[in-house]
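# Remarks on the overall topology
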Amino acid sequence: MKRRNIIPVLTGIGLLICIAAPACKKTPPASEVPQIQTSNWIFPGSNGLQWKKTDLPVIGKALTLTVPDALLTEESIKNSILLVYAKLNGYSPAIWPTGKVGLMRTMVTYKLGNNSRTDVWSALPKPGELNILLTNPDNEYDPWGESNLHSFRYIIVPKYDPSITGRKPAEGSSNLLSRFSETDLRNMSYEQLCEIAGLPK
């Protein structure tokens, strides 16, 4: 009779220990963990996207391309690493090789007559939109700045720092980039990052 009484007592203790111990918490299914999100290549001139000359606070005069996108939420901007890439095929191939992919922010220096100019390309995310910015000291963007041959793509990599999101990669998660730091990701080539994550280039 005593043995029968011991079993439920031990079971009860085990349940209490499991409830109290973080190690007993179930790992959330992969479907509940943020996954890598990407855009297609974005081309000026398509879907009503147009270059516009603007005067922005702090930045000053700039050539901008505003891309509406519902994936860019306040939460995703705050809790993710946003990598924005550019193919600046609007430049002469001698300045920017055709098909080359660069991580923004990026600078392009070239000669105009006897003078040199440096174009600075950057990306400014806001909830609901991504702004592509082109600036240079002269505030001049011809002959290559407003080209519709340029294209842009972003990749959103969720952060898995528990202090930020409270979640870690679940088994089966497609976020194969989670083991890399933001510095590592930004130092990777575009091709290497896509290969690791299994993303189309």
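Use the structure listed above.
Every chain begins its residue count from 1, and numbering advances along the sequence as written. Only residues with pLDDT of at least 70 are given local features in this predicted model, and only at 80 or more are side-chain atom pairs given and counted; all residues enter the totals for whole chains, interfaces and linings. To get the side-chain values, all heavy atoms of the structure are used, and hydrogens and water are removed first.

## Focus: a nonpolar patch on the surface
- A cluster of nonpolar side chains, namely V58, I59 and L124, defines an oily patch on the protein surface of about 310 Å² accessible area.
- Helix numbering and strand numbering both begin at the N terminus, where a helix is a DSSP run of H or I of at least 4 residues and a strand a DSSP run of E of at least 2. Here L124 shows up in strand β7 (residues 115-126). Each patch is assembled from residues with relative accessible area greater than 30% and no salt bridge, linking like charges that lie within 9 Å and nonpolar side chains (Val, Leu, Ile, Met, Phe, Trp, Tyr) that lie within 5 Å. Method for areas: the Shrake-Rupley scheme with a 1.4 Å probe, in which residue coverage is limited to the protein chains shown. The term salt bridge refers to a pairing of a side-chain nitrogen on Lys or Arg with a carboxyl oxygen on Asp or Glu at a separation within 4 Å.

## What to know about helix α4 (residues 190-197)
- Burial status follows relative accessibility: with a 1.4 Å probe on protein chains alone, a residue under 20% of its type maximum counts as buried, one over 50% as exposed, and anything between as partly exposed. Taken residue by residue, α4 has Y190, L193, C194 and A197 as its buried positions. The arc that holds the buried residues of α4, viewed along the axis, is 95 degrees, so those residues lie on one side.
- On its buried face, α4 sits against β4 (80-88), β9 (150-158) and α3 (182-187).
- Downstream of α4 by one or two residues, G198 has phi in the positive range, about 70 degrees. Throughout, the arc means the angular range of directions from the helix axis out to the C-beta atoms. It only takes one pair of heavy atoms within 4.5 Å for two residues to be counted as in contact.

## Things to note about the environment of I95
- Relative to the assigned elements, I95 resides in the loop between β4 and β5 (102-103).
- Between the C-alpha atom of I95 and that of K111, which follows or precedes it by 16 residues, the distance is 9.2 Å.
- Residues within four places of I95 in sequence aside, it is in contact with V108, T109, Y110 and W144.

## Some details on the packing of aromatic side chains
- To pair, rings of Phe, Tyr and Trp, with the six-membered ring standing in for Trp, must have centres within 6.5 Å; the planes then decide the type, stacked if under 30 degrees apart, edge-to-face if over 60, and tilted in the middle. Applying the stated rule across the entire model yields nine aromatic pairs.
- An angle of 55 degrees between the planes, with centres 5.8 Å apart, marks the rings of Y91 and Y110 as tilted. Here Y110 lies in strand β6 (residues 106-112) and Y91 lies in the loop between β4 and β5, a separation of 19 residues in the sequence.
- Exposure remark for Y91: the relative accessible area of 3% places this residue in the buried category.
- Aromatic pair W121 and F152: ring centres 5.9 Å apart, planes at 40 degrees, arrangement tilted. Separated by 31 residues along the polypeptide, W121 in strand β7 and F152 in strand β9 bring together distant segments of the chain.

## Regarding the side chain of N136
- The residue N136 is located in the loop between β8 (129-135) and β9 in this model.
- For N136, a relative accessible area of 7% corresponds to the buried category.
- In this structure the side chain of N136 is engaged in a polar contact, spanning 3.1 Å, whose partner is the backbone nitrogen of D138.
- Of note is the side chain of N136, whose polar atom sits 2.5 Å from the backbone oxygen of E140.
- In this structure N136 touches R117, T118, D119 and Y141, once residues within four positions along its chain are discounted. The definition of a polar contact used here is a pair of N or O atoms within 3.5 Å, where within protein one atom must be able to donate a hydrogen and the other to accept one, and adjacent residues in sequence count solely through side-chain atom pairs.

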